[in-house]
Amino acid sequence: MKEIFEKVKRASKSLALLSDTQRNEILNAVADAIISQKERILKANAEDLAKMDKSNPLYDRLQLTDSRLEGIASDMRNVATLPSPLGHITKQKTLPNGLRLSRVSVPFGVIGMIYEARPNVTFDVFSLCFKSGNACVLKGGKDADCSNREEVAIIHEVLEKYSSLFTLHSSLKDVVALLPATHEATGEMLNAVGYVDLCIPRGGRKLIDFVRNTARIPVIETGAGVVHIYFDKDGDLEKGKAIINNAKTRRVSVCNALDTLLVHKDREGELDELLAPMKGKVEFFFNDESHYDTEFMDYKMNVVTVNSLEEALNHIDQHGSGHSEAIVTENEAAARKFQAHVDAACVYWNAPTSFTDGAQFGLGAEIGISTQKLGPRGPMALEEICTYKWLIEGEGQIRP
């Protein structure tokens, strides 16, 4: 696959020279193509869906519909309206010797994306990478391979129409490449030193662990979420019912979905009412330690009774994944203690974890949700997939 990596790397150099106006025009053209060519996408998606059991919780992630494609196209158009993340001077100063220093935001270059049964990610990643001047190498899962290939084909068709914009002996369509849906392709990407500048895995814990433990290129971990909500002794029952139900059932297959509800022992008598909105839809595991580290991605949820806020915090310390955690309480002191103590990318007070999303945070679409501390943390959008370089201007100064 070296030839693919070389083409994408070469194209990334030209992409950085396109103006923001040109990039926006192309993104809008791809968004238009998503709608005009939706029958092609849905047909390919139907081939993927036919191979998966409908009872599989990943089926919902895999499925594309008219309304979901409309949403994907709308997100891409929204990305085109966002300010460019490039060329921002984030630090500037003149040294005593007269050298003028500027720190300026620039693209990473080539971003490699490894993801599972999520065909929407193909368009989301392309739009964010293209807007930020990054080329991308995509490695989707076999479950969504037909969908991904049709989507990339449509992107390439649009890019070919703008090929005259490229002048550095590369093709515009090479700014996005889709690798085969094989384990071998994953290994090739993770060892593409000198070609792929950054790898972002988006999927379950098994995938993320494999990428982190195998890669010879820089990696940002995203995705895996063992998510908790703590219903405090001073929690409002009506707020709690709505928040917990939304966090669990809005979309069970996404990484911000609730896995474990922690309930203060003083409110244990109200559990039936607290869980009432989910009865008949969700299977509950009461104080079952075997599931404390499980990211369900299904209509299943732990319910754990705790004796205090401190016990809830200890439980999250032991079993949380650093993704999203929430407290439901009317006690501000308890809420502030919870937010200060919990070590996660997103910590909520009286709001559901379902809001952990780049679009919901006003960032446009997202490329993933980082659960690590070095570099970006939380929803990663345009600014988070840029780096910077120093520009130094002098008048012939020489270092002594």
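Nothing here was measured: the structure is a model prediction, and the numbers come from that model. (Residues numbered from 1 in each chain as written. Predicted model: local features only at pLDDT ≥ 70, side-chain atom pairs only at ≥ 80, totals over all residues. Heavy atoms only, no water.)

Attention shifts here to the overall build of the protein chain. Secondary structure summary: the protein chain contains 13 helices and 15 strands in total. On C-alpha atoms alone, the protein chain measures out to a radius of gyration of 23 Å, which is about the 21 Å that the 2.2 N^0.38 rule sets for 400 residues. Residues classed as buried in the protein chain amount to 53% of the 400 residues present. Across the protein chain, contacts joining residues at least 24 apart in sequence account for 71% of those joining residues at least 6 apart. (Helix = DSSP H or I, 4+ residues; strand = E, 2+ residues; numbered from the N terminus. Rg over C-alpha atoms; globule rule 2.2 N^0.38 Å. Buried < 20%, exposed > 50% of the residue type's maximum accessible area, 1.4 Å probe, protein only. Contact = heavy atoms within 4.5 Å.)

All chains considered together, the criterion is met by 26 salt bridges. Residue Arg 40 is joined to Glu 150 by a salt bridge in which the shortest nitrogen-to-oxygen separation is 2.7 Å. With Arg 40 in helix α3 (residues 38–49) and Glu 150 in helix α7 (residues 145–161), this pair connects stretches of sequence that are 110 residues apart. Among the charged side chains, a salt-bridge network with shared partners connects Arg 40, Glu 150 and Glu 157. (Salt bridge = Lys/Arg side-chain N within 4 Å of Asp/Glu carboxyl O.)

One pass over the structure, following the stated rule, counts four aromatic pairs. Judged by centre distance (5.7 Å) and plane angle (5°), the rings of Phe 285 and Phe 296 are stacked. Placement of Phe 285 in strand β9 (residues 283–286) and of Phe 296 in the loop between β9 and β10 (300–306) is noted, with a sequence separation of eleven residues between them. Cation over ring: Arg 103 sits above Tyr 388, and NZ or CZ is 4.6 Å from the ring centre. (Phe/Tyr/Trp six-rings, centres within 6.5 Å; stacked < 30°, edge-to-face > 60°. Lys NZ or Arg CZ within 6 Å of the ring centre and 35° of its normal.)

To continue, consider the nonpolar core. In terms of nonpolar packing, the biggest core is built from 68 residues, with Phe 130 and Ile 367 touching the most fellow members. In this structure, Ile 367 is in contact with Ile 111, Met 113, Val 125, Leu 128, Cys 129, Ile 200, Arg 202, Met 380 and Ile 385, ignoring residues within four places of it in sequence. Within the second largest apolar cluster, 22 residues are counted, among which are Leu 261, Leu 275, Met 301 and Tyr 348. (Core = buried A, V, L, I, M, F, W, Y, C linked by side-chain atoms within 4.5 Å.)

A few words on the side chain of Thr 260. Here Thr 260 shows up in strand β8 (residues 258–264). Among the polar contacts made by the side chain of Thr 260, one reaches the side chain of Asn 302 at a distance of 2.8 Å. Beyond its immediate chain neighbours, meaning those up to four positions away, Thr 260 contacts Val 227, His 228, Ile 229, Tyr 292, Met 301, Asn 302, Val 304 and His 315. (Polar contact = N/O pair within 3.5 Å; in protein donor to acceptor, adjacent residues only side chain to side chain.)

It is worth spelling out unusual backbone geometry at this point. You will see that Asn 287, though not glycine, has its phi angle at about 50°, which is positive. Along the polypeptide, Asn 287 turns up in the loop between β9 and β10. Judged by its relative accessible area of 40%, Asn 287 is partly exposed.

What follows covers the sheet that holds β9. Read across the open sheet, the six strands follow the order β9-β10-β8-β7-β11-β12; overall the sheet is parallel. The outermost strands of the open sheet, each flanked by one partner alone, are β9 and β12 (346–349). Within the sheet, the average angular offset between the axes of one strand and its neighbour, ignoring direction, is 20°. Note that β8 and β10 share five bridges and pair parallel. The residue bridging Thr 260 from the neighbouring strand is Asn 302, located in β10. (Pairing = 2+ DSSP bridges. Axes fitted to C-alpha atoms, helices over the stretch in contact; angles between N-to-C directions.)

With that settled, consider the sheet that holds strand β5 (residues 176–178). Read from one edge of the open sheet, four strands run β5-β4-β3-β6, paired in parallel fashion. Looking along the sheet, the strands with just one partner apiece sit at the ends: β5 and β6 (198–202). The sheet shows a mean angle of 15° between the axes of neighbouring strands, direction not considered. Of the strand pairs in this sheet, strand β3 (residues 110–115) and β6 are connected by five bridges, and their pairing is parallel. By the bridge assignment for β6, Ile 114 is matched with Pro 201. Contacts from helix α9 (residues 205–214) reach β3 and β6, with the element oriented near 160° to β6.

Time to look at the side chain of Asn 148. Relative to the assigned elements, Asn 148 resides in helix α7. Polar contacts involving the side chain of Asn 148 include one to the side chain of Thr 122, which spans 2.8 Å. For Asn 148, the residues in contact, after removing those within four places along its chain, are Tyr 115, Pro 119, Thr 122, Gly 140, Gly 141 and Leu 178.

Taking 1.5 Å per residue, 14 residues should reach 20 Å; helix α1 (residues 2–15) reaches 20 Å between its end C-alpha atoms and fits that length. Within α1, the full set of buried residues consists of Phe 5, Val 8, Lys 9, Ala 11, Ser 12, Ser 14 and Leu 15. Each element contacted by the buried residues of α1 is listed here: α2 (20–36), β3, α6 (120–131), β4 (135–139), β5 and α8 (183–190). (Expected span 1.5 Å × (residues − 1).)

With that settled, consider helix α10 (residues 237–249). Between the first and last C-alpha of α10 there are 18 Å, a value that for 13 residues agrees with the 18 Å anticipated at 1.5 Å per step. Three or more residues of α10 are buried, namely Leu 237, Gly 240, Lys 241, Ile 243, Ile 244, Asn 245, Ala 247, Lys 248 and Thr 249. Residues of α10 that are buried sit in contact with β7 (227–231), β8, α11 (271–275), β10 and β11 (324–328).

Time to look at the pairing of β11. Within β11, five of the five residues are buried, which leaves the element mostly enclosed by the surrounding structure. Here β11 shows a buried face lined by Ser 324, Ala 326 and Val 328 and a second buried face lined by Glu 325 and Ile 327. Where β7 lies against β11, four bridges are found, and the strand directions are parallel. Residue pairing in the sheet places Phe 231 in a bridge with Val 328 of β11. Of the strand pairs in this sheet, β11 and β12 are connected by four bridges, and their pairing is parallel. Paired with Ala 326 across the strands is Tyr 348, a residue of β12. With helix α13 (residues 332–341) bridging β11 and the parallel β12, this β-α-β connection has right-handed handedness. (Right-handed = clockwise from strand over helix to strand, strands pointing away.)

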